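# Overview (structure and organization)
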Amino acid sequence: MKKSKTFYNMFIPILLLSMVLVFSFGSYIYYATIGSVVERISDSQKGLITQIRNTMEQKIQSIEYAFNTYSTTKSFRDVIQSPMTADNFEAYRELNTQLNYIASMSLEGIQYSLISLEENWSIRNGSLSRLTEEEQREIYRSYIEDDKEGLLWMKTDHGLRFVQALPMYSKVKKALAMSDISRQTLDRTLHTKPDASVFILNKQGELLYAASSGGDALSHGQIRQISERAAEAGMPQTGELELQGEEAGTVTAIYAKSAYNNWIYVTLLDEQEVSGALAATRIGLVVMGVVIMLLIVIAAYVLSLYLAKPLRKIQSRLAGSEEPMQKDEVDWIIRSIDSIVTEKESLENLMELEKPKLETQFMLNLLHNRLNRAEAERSMERFGYAAGEDTLFAVMLFQLDSYGDRQPSDKDVLLLTVNKLVQEMVPPSGRMLPVVLNERTQATVLIFTKDSAHHAQKQILQYAKAVIKATRESWKFSVSAGISSLYGDILSSKEACEMSLQALHQRLKLGKESVIFFDDISTDMQGPVLMHYPAELEAKLFDAIRLGDEQEISRYLYPMLANMMKHSRHPVNLEVNLIRFVNNLIQLEQLIGAEVLLTPNNADLYHRLLNTRNPEEIERILVEEVIQPMVRTMRERTNQQFRSIADKIAAIVRTEYDQDLSLDSISDRLHYSPNYLSSIFKKEYGVTFSDYVLNYRVEMAKKWLVETDMTIKDIAERLRYQNSQNFIRSFRRKEYVTPGEYRKKMKAV
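Reference entry: report on the structure contained in this document. Quantities reported herein were computed from a predicted structural model and do not represent experimental measurements.

## A short note on the sheet that holds strand 5 (residues 159-166)
Pairing in this open sheet of 6 strands is antiparallel, and the strands run 3-2-1-6-5-4 from one edge to the other. Only two strands of the sheet have a single neighbouring strand rather than two, namely strand 3 (127-130) and strand 4 (151-155). Going from strand to strand, the sheet's axes swing by 15 degrees on average, the running direction of each strand aside. Strand direction decides the pairing type here: strand 1 (residues 110-116) and strand 2 (residues 121-124), joined by 4 bridges, are antiparallel. Residue pairing across strands places Ser-113 opposite Arg-124, the latter belonging to strand 2. Sheet contacts for helix 4 (residues 133-144): strand 1, strand 3, strand 4, strand 5 and strand 6 (175-182); angle to strand 6, the most-contacted strand, approximately 80 degrees.

This is the structure:
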């Protein structure tokens, strides 16, 4: 797949930067490793040369101390002054024994010699010989004359020679002690580490010993550099020196200076050891660098693809195609963004033209709490509304009380009329845009300052009365207003709207064209909600409905609704009472067999009643749409139903006349109210229930008086009178004679 320019613009810099970082990091590790390795080897070499110095000093001190000690003995003085002939065998053996003892205290393989300057003889490796004159002159010239030092170490063709004139602390030297240390002995003693280059310089800077196993050697110039640097004040006893070579570059020398005789012990830093130690490091760094570079190439490739992919997607989206053009995406996207910005400016111009609609939507969102704080503040600033710390707001709602001579279907037009009146009568500086909140409410957010808050209620009242007056006089319909408390947070507009609605609920008690402030009713709405329901008025109303008596219905319905509204301190009370009333109407409908509330036309009755805050409208809905249809239905069925009910009551009386009878007990059995049964019975039989019972019992008493011998007391008990006197009074009031007189009269006939 062909890669875009953006891909290479990212891939190549990432790759180059990564390579530079890897190279720099690898170089840093390599040189840091070299320094560490060199330091470690240098410390090892310092330890080695210090060990060599200490070993050599110990041997030298042993030799010098042995001869110095021996030179102070009487045996030494006697031997030196002895001519040492064959006759002096004992003296020779003792001297040879002493030399062997000195040899045992120092290095093995050292040849010791003692020369008597007074008697001109020498003992070398156990052999006694006389000195020739030539040998004597050579000895004096080399070791005695020209104020030679009494103790001398010098380099010979075969190694090192120690020469000491004895006695040491006497100006007159009588003997010379010599110790010849062979090269093999020095190599064996000083080579504590294989392949080590060791050099020894005396305090004059002369090379006494050189052992170069690895081919390293010190030039005269390098020896001079070591001597000069070591002689400088403040130089440490052990350290490193960078020596300038005559042909090659610098050489690192590790030295240790002896405080005993100022000899300088030198070894060279083993370049082969350093190179060997770094060989594995170099290979590892090369392998690591190659692996890292491969990983970086892969990572740079993947990362570049990943970073370029969003740009490809953006180009694809902007181009409206899944296969964007193979070109510089960034340049293409920039041109596309320029085009989008141009379109955005055109859209903003269009939005400016649509600003009134947007402002209306903003107000609806604000009153329904569909905005966060940032959106609200941005919109307030955009539409030019004040929202400072000293700004206060209030929500004013209008709802329709009556439609005048218009139909309910015209309520949208009426609400728009109210909205227009608010715009005209409330100055723009004192409000936000008025809107129609829903199908029954118009809303306006009023604006005040804290300085004007004390007369805000008065100002709002003027606005509300002006709108109410205009709707009544000019448009022939009525509205009521509900006003919330003042609030400072614009996001609390929804809560303020709820306050205004709560205030509007109170117009059921106050009547139409009311201006109600929430602050005035909030105290009345506090405390427990005590339910009051006019059950007695409802029972009488239901009886009138069953009887189909329209006059009785009007007599009880309006007082019942007025009672509900009067005792509904909280809107919840009225809503609950209305729901209860409708439920009871449905139960009554089911009992009497009417079909009014259960029809589809009245399916939304609950919703309509709860959303209606006009007492006149509530009465109209209940009377015209519910109760009158039920009365008409009942009127069509009254004759047959009433007669049937009345006959059932009469049958009960005729059957159970000798038991305790009351209209209450019969109403429980027939599932009607006592008043309802009393009305039906009187309408059908022309007498009250009690009179009918009395008449029937009197007829039964007359029959028993004529046909039986039962006493008057027994008849009274049988007919459930409390005493016979009550029976006699009832019978006399009905027949105008007492029971006894009636019996006598009928038997006499």
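## Quick word on the sheet that holds strand 8 (residues 207-211)
The strand order across the open sheet built from 5 strands is 8-7-11-10-9, with neighbouring strands paired in antiparallel fashion. Of all the strands in the sheet, just strand 8 and strand 9 (238-244) have a single pairing partner and so form its edges. On average, adjacent strands in this sheet sit at an angle of 25 degrees to one another, irrespective of strand direction. When strand 10 (residues 250-257) meets strand 11 (residues 264-268), the two strands line up antiparallel, connected through 5 bridges. For Ile-254, the partnering residue across the bridge sits in strand 11 and is Thr-267.

## As for the packing of helix 21 (residues 663-670) against helix 22 (residues 674-685)
Remark: helix 21 packs on helix 22, axes separated minimally by 9 Å, with the N-to-C direction vectors making an angle of 100 degrees. Relative to helix 22, the element helix 21 lies roughly perpendicular. Taking contact as the criterion, the partners of Leu-663, Asp-664, Ile-666, Ser-667 and Leu-670 in helix 21 are, on helix 22, Pro-674, Leu-677 and Ser-678. Of the residues belonging to the contact of helix 21 with helix 22, the class tally is 5 nonpolar, 2 polar and 1 charged.

## Overview of helix 23 (residues 689-707)
Helix length check: helix 23 (19 residues) gives 27 Å between terminal C-alpha atoms against 27 Å at 1.5 Å per residue, within 8%. Inspection of helix 23 places Phe-689, Tyr-692, Val-693, Arg-697, Val-698, Met-700, Ala-701, Lys-702, Trp-704 and Leu-705 among the buried residues, and these make up the whole buried set.

## A closer look at the packing of aromatic side chains
Applying the stated criterion to the full structure yields 14 aromatic pairs. Pairing Tyr-657 with Trp-704 gives two aromatic rings, centres 6.0 Å apart and planes at 45 degrees, and the pair type is tilted. With a gap of 47 residues between them, Tyr-657 in the loop between helix 20 (615-656) and helix 21 and Trp-704 in helix 23 connect regions that are remote in the sequence. Both residues of the pair, Tyr-657 and Trp-704, count as buried. The structure contains a cluster of three or more aromatic residues connected by ring pairs, namely Phe-681, Tyr-685, Phe-689 and Tyr-692.

About the cut-offs
- Residues numbered from 1 in each chain as written.
- Predicted model: local features only at pLDDT ≥ 70, side-chain atom pairs only at ≥ 80, totals over all residues.
- Heavy atoms only, no water.
- Pairing = 2+ DSSP bridges.
- Helix = DSSP H or I, 4+ residues; strand = E, 2+ residues; numbered from the N terminus.
- Axes fitted to C-alpha atoms, helices over the stretch in contact; angles between N-to-C directions.
- Contact = heavy atoms within 4.5 Å.
- Parallel < 35°, antiparallel > 145°, perpendicular 65-115°, else oblique.
- Nonpolar A, V, L, I, M, F, W, Y, C, P; charged D, E, K, R; others polar.
- Expected span 1.5 Å × (residues − 1).
- Buried < 20%, exposed > 50% of the residue type's maximum accessible area, 1.4 Å probe, protein only.
- Phe/Tyr/Trp six-rings, centres within 6.5 Å; stacked < 30°, edge-to-face > 60°.

Interpretation note: all reported values are geometric properties and have no functional meaning in isolation.
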